[in-house]
Structures are given as C-alpha cells and as structure tokens.
Amino acid sequence: MHNVAYHRIERIAGSVITLRAEGVANQELAQVTSSFGTSLARVIRIDGDMVDLQVFAGARGISTDSEVRFLGEPMKVPYSEALLGRVFNGAGKPRDNGPEVDGERITIGGPSVNPAKRIIPKTMVRTGIPMIDVFNTLVVSQKLPIFSIAGEPYNELLARIALQAEVDVIVLGGMGLKHDDYLYLKDFLEKNGALNRTVMFMHTASDPIVECLLVPDASLAVAEKFATEGKNVLVLLTDMTNFADAMKEIAITMEQIPSNRGYPGDLYSQLASRYEKAVDFEGSGSITILAVTTMPGDDVTHPVPDNTGYITEGQFYLRKGRIEPFGSLSRLKQQVNGKTRSDHRTIMNTMIQLYASYKETLEKQSMGFNMSNWDQKLLKYGQRFEKEMMDLSVNIPLEKALDLGWEILADCFAPEETGIPTKMINEYWPKKG
Amino acid sequence: MASIGKIIGVNGNLIRVKFESAVSQNEVAYAKLTQKNKDGKSEVIPLKSEVIRIRGDYAELQVFEDTTGLKTGDEVEFTGELLSVELGPGLLTQVFDGLQNPLPKLAEECGFFLQRGKYLKALPRDKKWAFTPVAKAGDVVVAGDTLGTVPEGVFTHRIMVPFRLLGKWTVESVSAAGEFTVETVVAKLKNAHGETQDVTMVQTWPVKMPIKAYEERLRPSKPLTMQQRIIDTFFPVMQGGTFCTPGPFGAGKTVLQQLMSRYADVDIVILAACGERAGEVVETLREFPELIDPRTGKSLMERTLIICNTSSMPVAAREASVYTGVTLAEYYRQMGLNVLLLADSTSRWAQALREMSGRLEEIPGEEAFPAYLESVIAAFYERGGVVRLKDGSTGSVTICGSVSPAGGNFEEPVTQATLKVVGAFLGLSRERSDQRRFPAIHPLDSWSKYEGIIDSKKVAEARHILANGVDVNNMMKVVGEEGTSIDDFVIYLKSEYLDAVYLQQDAYNEIDAACSAERQKYVFDKVYTILKTPMKFSEKDVARTFFLKLTQSTKDWNRVKFDSQEFKDLEQSIFASVKEVSANA
Ligand SMILES: Nc1ncnc2c1ncn2[C@@H]1O[C@H](COP(=O)(O)OP(=O)(O)O)[C@@H](O)[C@H]1O
Ligand SMILES: [Mg+2]
C-alpha cells in the first residue's frame, strides 16, 4: 500500500482538512496525528491531487505539519457476539473502558438491499400502548420516528418500547445525547436486564461532530450483520435531528450550496439510505428502526422532520406526554391489523373520527357557543378517550384496549351515531345490563 | 472510436474525467474501480456513468453507483452510446432498477444486497417467442412499421422496424412463423443507398429521447376511469392525459397510485418507483401475481412492469428511472395499447437533479433547484399523449406524477412547474388525511381540464353544495350552531353526506375499494337526487341524527355488490327514509 506519511496540510476548516496526495481513494480512511493525539479521518472529496478529509475527532489542534497516513481501506467496525453489552463511540472505539473487540471487520454504509428480496412485513410488535397497538400498530421491520420537542419523554418512550418488543438484539445509537440521557438509557436497560443483548454506539453533545455522523452507519452495519445471521434486531436512534445538523455543519464547511434552511440538497437521500436499512430478510432476521426526531420550534415542516416523514413508514407524534392521534401514522398497520381481531379496524377508524369531532366541539365550546345534545356526547367521549386510551401510563394488551373501545363508545353514543357498519354493531356492540 | 479517459476528481457521485478523443453529452461510460475481492485479489469493477457536462478536455460524469474507492488516475471507458433501454418481448411482469437491470435476476446472482458494477441484460436471451410474420419481402417500410408479432401474455407484441432507422426501407426477407429468441434475426431490410439492416426482436432506444414513430398526436378524448369516485366523477382523467397528485407525506399519494395501478382502465401499467420506499414496491411485487385482473382473467402482473429505484438505491439512477419508465410506455404505445405510467415521486427525481446541479456548482434557482427544472419537467410530461399510428390504430401514454412538496407547501418549484403542464391536478390535503377522509384529494382546490363519465352540469352542482357546506361550517364557527338557520344547517349536513358517502372511498374494503363507471353513474344519480330533495326537520338535532343514519346506510350500500339483492334492499330503505323527511311529501 502507499504507506507514505504526508506532513503538509494546505487548508483546515471546521473538521475538514485538505492536503496534496496521490493515489488516494474516495472514502478511504486516514490516520491524522497531531501533538494532541491521533484521530481517524476519511476522504470526502478529491480534486486533482487535492484531497479533502473529514477528521473524526475534529480539526482542533491539527497543525499544517501534522502527519497524515492513508490506510488503504474505507471505514469499518468490528463485529462479533462480544459487542453485546458494550459501548462504543461513533468511530467504533470502546468508550466503556473495556477492551477492543476482535472480530470480522465490516464495512459501514454498505449497499442497499435488493427490493426483490424483501418481503411484506407481517408481524405486529406489541407495545401495550393503545395509541400504538390499536391506532398505529408497530410492525417488525418498520422504520418509524418519534416526532417530538425537547423536554418531552421521547427517550423514555423509546426505552419502554424497546423493552416490550421481544427482540434478540437492541442496537442503541446516540447522537448528540445529553450525558444524563445516555446514562438514563443505559441504566434503564441494565435495570431491566436488557443490557446484555444491547450494543451501544454513543455520541454525546460534547463529542466531536464527525463521530455523530458515523453513529447511524456503525449501528446499522452491526444490526445488519446480526439480522443476516437470523436475529431480530431493534435499532434505536436518538436524535436524528442532531445527525442532520452534523451533516449541515460539514456541508457548510465544504461550501456546498444549501437547499433549505442551510441543509444540504441530499438530506433526503442521506436520511433515506439509513432508514431504508430496516428490513425483514426472507428466511433470516430483521431490522426494525425506531428513531427520535426532535422538531426545532415544534415545526413539522422543518426540513428534518419533513424529509423524515417522507422516508419513514409513519411517525408517532409525542406531544404533551401523549401520542397524538392526528399526525401519528403507522403506514404498515394495515399489514397486520386485519389479522388481529375483526373489530380492530372498525374501532381504530371510528374512535379517531369521533375524536376529531370532539376536537371541533371543543373549539365551539371555547368560543362560548351552546352545546347541543350531540356536543355533550362528544365531550363525554373525548374526555374518556384521552384519559383511558391516550394517556401514556395506560399499559394494556390490544384485545383489552379494543374491548375498552367498545365500552367507551357504548357509554357515550347510540350505535347508529358511530357510523359503524351494522354487521359490526350486531357482533360487538355491548349489550345493555 | 469510443474514447478513454482518466479520473481527475471525485465528489460524491460526480467524477471529473480527462478524456482523449471526442466524447458526447449523455454518453455512457464505465469508471474502472479496482478493489480487493474476498481472497485479497485485485479485481476491476466497471461503474456505469453518464456524461453530464463537458468543458475543454475534461468531462463531468454522474456515476450510477456508490463511488467509494475510486481514485484519481483510474481509467474511464466511454462507450459512444447514449443511456438506452432494451425494447422487445419479455418486458412485462418484470421488475427493473432505474437502469433496466432485472432485480430478481440480480438477487439470484448476488443475494440480499445489490452489488455495484453488476449489470444484466433486461430481456431474457434464452426464452423463445412464437413469431408470426406480418410484412413480406418487397414491402416498403419505415421506422415503427410492424414486421411481425409475438404473443406476450395477453398482448400481441409488435416486432417493429427499429425506431432509429431513417427513411424508407425495403423488406428483403422476413422469417416464416416459428419460435425464436429475441436476438434471432427475423427480417432483413435494405434502403435506397444499398445499406442493409438485420432486424432482431430486440432494439435499443436512448431514454431521454421520445419515440416518435407515429403519424400524429391527437387530443385526449376517451375517459380513463380509475374506479375511484372522486377522480372519475369530479376530477376525471383521460387516456393520453397527464395529471399530478401532490401532497404532504402521509396524505395518500402512494396508496392512490396503488389503487390506480389495480383499477385503471388501461392495457398496461408501468410503475416507476422513484426514490421512495422499497417496501411499497414490494407490496405490489408480491401481491399483483396473486390478484386477478377482471379485464383479462389473468394475473394483474401480466399487464404490469415495475421500475424500482427506491430511495436508498443510487441517486443518479433515480433520474434515469423516470425516463426508462416513459420510454417503455412509449414502446407499448407503438403497439396501439393504452399505457398508464405512474411515477412516485417526481420530486425525488427533481432532487436528484438538484444534487447533481449542486456538485456541478451551477447557479442555483429557487430552493437550490437548477434553473432548467421547469423545462425538464415540461419535457417529461410532454411524452404523454394519444397518438395515431401509421397503421391507423391509436395508442396512448397517460402520465401520473406524484409530487412531494417540502413542508407540504404547493408553492414550491416542483409542484408549480408540474401544475403548468398537466391536465389535471389532484391535490392531496393534510387536513383531509388527518380526518381520515380518504382518498384525501381536496374537493375544492383540485381541478381537471378533462371530461368525465358524469354530466358535468350535475357535477358542478354537487361541487357547489360542497362549497356551500364549507361556507356554512365556517360561518358556524363564528356564530355557532344556534346562530345558523336550519336551512343552512341542512346544506351543511348534505355536503358532509356527499363527502362521506361519495368522495370518500374505503381502499381497504373489498367492494368499496373499486367503484365501476357503471356503478358510479347509478350511485351518483341517486345521491344527486337525495341532495336535491328539499327536506324538512323540526330541529337541528333531528336533522343531524337523520343524516348520521343516512350516511351509515349509504356507506353500507357502498359495501355491498352492485345490483345484488342486498344492494336493492338497501337502496329501498335509503329512499324510504329520505321520503319521510322530504318537504314535498
Ligand atoms: N385511500 C385510502 N384509504 C384508506 N387509508 C388510506 C388511503 N390512502 C392513504 N391511507 C392511509 O394513509 C397512509 C399513508 O398513505 P401513503 O399513500 O403512503 O401516503 P404518501 O405516499 O402521500 O406519503 C396509508 O398507510 C394509509 O394508512
Ligand atoms: Mg408515498
């Protein structure tokens, strides 16, 4: 290999350094050594003999005569069962004081799954949360973000679902996490005995920005490997907005023309190539991705949630500690909710439509209008719905939740007021007395 | 002679190449990647690329693959050919990527993952087709004329004079009927200059050029029904027309296209899954072979062709995928067939253009899209249309593009450029999808310039009721229900009724999912009668309860088979109840 050391850096900006070098490959790794230590870096652009490198630990402290050595291969992470229970940084280095992991070295950011090899998802993930199980069922191999804002219990929700879901391996990718949140997640998994089936790639808010970029790729590469070996893997990524912001920072350093609010034009493709790793391998394992996307300014049209929504198979809106029925969506729900119980879809549609009417009535009420008979019914219904279905503390299996749905409907309405098909009414409507 | 060159720069999927002899714009080239295989041996992998800009003695190429590992100095081999597709029997039922690689075959060779640099022939080479000659020696023919036919599923596939042949040719010989593979020479042609041409059953055509081997373009004149009430009745589409379905994420663009792909009254459906979720294509891929097409009695897959370049597949091939799709559509149009091209989503293609434009450091237009975005979009939709072929028959390509506007805001460049060129706009609304009013096509904002299957005067009246209903509802928000007259209130209830039982359609109900043109005519007439019936109610709550019940029974009516006994019974009870409240009674 061209094991030459270079000692002349031409340009340093943000975490990107530029030098003259020959025979360097796109995406090749390099080792950059300065008086402050050694960091990996990767080639992100080649222009004649000018090579741009992204330095994982950031360029702080790198001097024009720091040493750069190219390693002749792209970024890889080690893979073996020994990863379980361990914590790494984005570059794949242990951050739990444990030893380096030996094992097969796998390339990150590998190619896409051939669509012809995919199968239609078919297995429901039971969470015990009615707003998910009944209204927006989560499905094995789904990719789904939680849209939320700072201060909402999204990491708690993530952790709760992770525990409830019966998966073989959990891969937790943290990006720009507050250290406390990192410790919370770790302790939660540990306390509940899930740590020994978990691999963590952690980037906290105080770590170098480029390592943030590597977290999803490292997490998903490892997940993919476990999945092809027959494991059902759940990947938790929090917070993808930090990942997008890291991309933005690099793009601006590289003087790329931004498309929307400073984000690079390929934001959609970048996010998609990660989320599309969610898959159910025919005759093998699966990858389900649950992510957190915080919405700057609680604005769903912000480029990050907006592009995410176009990519993922739905989203859970977490607002005021509850999963909102409007805006929340599981695009895969119809793959499974026809096979759970015959009233599942009816309850799902009816209760949401009535809840929408309840919201309208609330508006009227706030304007000080008279409440008609119908409005009174809706008010009663809406309050029960919020308290007994929407509240996140509710933890009941799907079937119980469906029964409860009928019970609430019958308590508030006459059958024909619900718009439920007559057949269903005859079968399920609770008999008086 | 095709040129060769050397890489002098790599920036994402854009490479800069210094070339030796002439190269042409949009020419295909292969960048030679050297990498170590599993046994540590060096191997050379050709990465397909396309020239997109030429400056002095270097060219810029978009690479249709991941460029990891490319180096300065790596060789690039130009081919002298434009980016093209193969045309011939055996296209239908296939699943291709944006560059026309058959994905199931790739999976057989490479397993779960796509492998870069792996390219396969689009058409099977070993399959034999039953050829019947049509032309005979001595006939004078031009590009697009039929030399013979082969049956392809339920279709008669025309083997035509290659589209790129210029001028008149005399048929020297045509094969007798027989079973041939696509590469067999089935005819020999000669022109006035004495040049000869062997014709096989496969020809190639550059995707970015329209196929124009027809006599003339005609105005769309026949409705293309989708069995979706809100489309066929309110915003109809015609064979050879173009229309778009913009909408924010989750508003129902993809489900709508899936419905159209099942129920559209056309011969062939081409799905171009462009930069969206792979999972959605898989649904079609796995379900269509099992579904029966009532038009033919065969599986739906037999009339379907899928171009699948989903979001995690190489970005540059996304751009190619819509062109590949429309070229294949034009090919079948040349056989006198009606083809529907569904592209989901054209915004991803526009974004691919934007990514390249950014790397080329072109001066950006609005939202950093390139300045030529509008003309590129216009040129794409222009490839739709009805044509009269040289043998007098007609064929059509209808194009539906879904658009994914950033933030769901239609004031963005891709939506706006599309609206300028299409004949119908089916705008999907977040408000309606949040309320689960599917298909979430906005009944007041959308428009169509085409004629449909229902008397347009009556449709206009129905729309009027919808608009009035919205007005009353808005007013009620200000003055409350108590401040609204009972007559206005009934208008509001009628508009909601029309919305619930006619505009909305349950895609997941076996029967309601598809509403035939015949049924639409029948049901619209009945609903129209109800809307026009003056009604009397003692108070608003009575009116509301009446309409709630009426809505429920009409929805039940939608869910039973047309013309069944149940259908008749329900109709009777619906009208009996309407009679009770009729002011004329
Ligand atoms: N016609 C319909 N009937 C019932 N549900 C629908 C319909 N269209 C869309 N939906 C619901 O909305 C979800 C999102 O639809 P989709 O077509 O994937 O949206 P988009 O492509 O606009 O992002 C679907 O998963 C489904 O739950
Ligand atoms: Mg879609």
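To start, this report covers the structure provided alongside it. Only a predicted model underlies this, so the values are computations on that prediction, with no experimental measurement involved.

Contact with chain B, which involves 75 residues of that partner, is made by 76 residues of chain A. Surface buried jointly by chain B and chain A totals about 6400 Å² across both partners, of which 53% is contributed by carbon and sulfur atoms. Across the contact surface, chain B and chain A share 4 salt bridges. Note that Arg-359 of chain B is salt-bridged to Asp-266 of chain A, the shortest N-O span being 3.6 Å. Where chain B meets chain A, there are 31 residue pairs in polar contact (both at pLDDT 80 or more). Sorting the residues of the side of chain B that touches chain A by element identifies strand S1 (4–11), helix H1 (103–110), helix H4 (278–287), helix H5 (315–333), helix H6 (346–359), helix H10 (456–479) and helix H13 (540–558) of chain B as the ones contributing at least two each. Sort the elements by how many residues they give to the side of chain B that touches chain A and H4 of chain B lands first, with 7 residues. In terms of residue class, the side of chain B that touches chain A is built from 27 nonpolar, 22 polar and 26 charged.

This paragraph deals with the environment of Lys-225 of chain A. Residues and elements named next belong to chain A. Among the secondary structure elements, Lys-225 is positioned in helix H4 (residues 209–228). When the C-alpha positions of Lys-225 and Ser-80 are compared, they lie 9.2 Å apart, and in sequence the two are 145 residues distant. Residues contacting Lys-225, with those up to four places away along its chain left out, are Tyr-79, Glu-104 and Ile-106. At 3.3 Å, the side chain of Lys-225 and the side chain of Glu-104 are in polar contact.

Around ligand 1 lies a shell of 16 residues, among which Arg-331 of chain A together with Gly-250, Lys-253, Thr-254 and Val-255 of chain B are the nearest. Among the chains of the assembly, those with residues near ligand 1 are chains A and B. At 3.0 Å from an oxygen atom of ligand 1 is found a main-chain nitrogen or oxygen belonging to Gly-252 of chain B. A distance of 2.7 Å separates an oxygen atom of ligand 1 from a polar atom in the backbone of Val-255 of chain B. Protein burial of ligand 1: of its 560 Å² of free accessible surface, 94% is covered by the chains. Looking at the shell around ligand 1, the elements that each hand over two or more residues are helix H8 (333–336) of chain A together with helix H3 (253–263) of chain B. Considering every element that reaches the shell around ligand 1, the biggest residue donor is H3 of chain B, with 3 residues. Partitioning the shell around ligand 1 into residue classes produces 8 nonpolar, 4 polar and 4 charged.

What follows is about the side chain of Glu-28 of chain A. Its location among the elements puts Glu-28 of chain A in strand S4 (residues 28–34). Buried charge without a salt bridge: Glu-28 of chain A, with Lys-71 of chain B as the nearest opposite-charge side chain at an N-O distance of 5.9 Å. One polar contact links the side chain of Glu-28 of chain A to the main-chain amide nitrogen of Gly-72 of chain A, over a distance of 2.8 Å.

Residues and elements named next belong to chain A. A complete count under the given rule lists 67 salt bridges over all chains for this structure. Between Glu-73 and Lys-76 there is a salt bridge whose closest N-O contact spans 3.5 Å. When its relative accessible area of 27% is taken as the criterion, Glu-73 is described as partly exposed. Judged by its relative accessible area of 22%, Lys-76 falls in the partly exposed class. One salt bridge connects Arg-126 with Glu-399, and the closest N-O pair in it is separated by 2.8 Å. Here Arg-126 is found in the loop between strand S11 (124–125) and helix H1 (130–133), whereas its partner Glu-399 is found in helix H11 (residues 398–412), with 273 residues between them in sequence.

For the bond running from Thr-238 of chain A to Asp-239 of chain A, omega is 15 degrees, close enough to zero to count as cis. Residue Asp-344 of chain B is joined to Ser-345 of chain B through a cis peptide bond whose omega torsion reads 5 degrees. In this fold, Ser-345 of chain B is placed in the loop between strand S24 (338–344) and H6. With a phi close to 55 degrees, Glu-361 of chain B is a non-glycine residue in the positive phi region. Relative to the helices and strands, Glu-361 of chain B is located in the loop between H6 and helix H7 (373–381). Of note, the phi angle at Asp-563 of chain B is positive, near 70 degrees, even though the residue is not glycine. Locating Asp-563 of chain B in the fold gives a position in the loop between H13 and helix H14 (565–581).

What follows is about the sheet that holds strand S12 (residues 155–160) of chain B. Note: strands within a sheet are paired through backbone hydrogen bonds, in either parallel or antiparallel orientation. Residues and elements named next belong to chain B. Taken in spatial order, the 4 strands of this open sheet run S12-S11-S9-S14, and their pairing is antiparallel. Each edge of the open sheet carries a strand with a single partner, namely S12 and strand S14 (178–181). Within this sheet the neighbouring strands show an average axis-to-axis angle of 40 degrees, counted without direction. Across 4 bridges, the pairing between strand S9 (residues 128–133) and S14 is antiparallel. Bridge pairing in S14 links Ala-130 to Glu-179.

A full pass over the atoms with the stated rule returns 43 aromatic pairs over all chains. A centroid spacing of 5.7 Å and a plane angle of 75 degrees characterise the contact between Phe-147 of chain A and Tyr-317 of chain A, whose relative ring orientation is edge-to-face. Of this pair, Phe-147 of chain A sits in strand S13 (residues 143–148) while Tyr-317 of chain A sits in strand S21 (residues 314–319), and the two are 170 residues apart along the sequence. Pair check on accessibility: Phe-147 of chain A and Tyr-317 of chain A agree, each one buried. Seen from their ring centres, Tyr-323 of chain B and Trp-349 of chain B are 5.8 Å apart, and the 90 degrees between their planes marks the pair as edge-to-face. Of this pair, Tyr-323 of chain B sits in helix H5 while Trp-349 of chain B sits in helix H6; the two residues are 26 residues apart in sequence, bridging distant segments of the chain. An identical accessibility class is assigned to Tyr-323 of chain B and Trp-349 of chain B; each is buried. A cation over an aromatic ring shows up here: Arg-16 of chain B above the ring of Tyr-58 of chain B, its NZ or CZ 5.2 Å from the ring centre. Seen from the ring of Phe-249 of chain B, Arg-430 of chain B lies directly overhead, with NZ or CZ sitting 5.0 Å from the centre.

So, how was this worked out
Residues numbered from 1 in each chain as written. Chains lettered and ligands numbered in written order. Predicted model: local features only at pLDDT ≥ 70, side-chain atom pairs only at ≥ 80, totals over all residues. Heavy atoms only, no water. Contact = heavy atoms within 4.5 Å. Buried area = accessible area lost by both parts, 1.4 Å probe. Salt bridge = Lys/Arg side-chain N within 4 Å of Asp/Glu carboxyl O. Polar contact = N/O pair within 3.5 Å; in protein donor to acceptor, adjacent residues only side chain to side chain. Helix = DSSP H or I, 4+ residues; strand = E, 2+ residues; numbered from the N terminus. Nonpolar A, V, L, I, M, F, W, Y, C, P; charged D, E, K, R; others polar. Near = heavy atom within 4 Å. Areas by Shrake-Rupley, 256 points an atom, 1.4 Å probe, with all protein chains shown as cover. Buried < 20%, exposed > 50% of the residue type's maximum accessible area, 1.4 Å probe, protein only. Lys, Arg positive; Asp, Glu negative; His and termini not counted. Pairing = 2+ DSSP bridges. Axes fitted to C-alpha atoms, helices over the stretch in contact; angles between N-to-C directions. Phe/Tyr/Trp six-rings, centres within 6.5 Å; stacked < 30°, edge-to-face > 60°. Lys NZ or Arg CZ within 6 Å of the ring centre and 35° of its normal.

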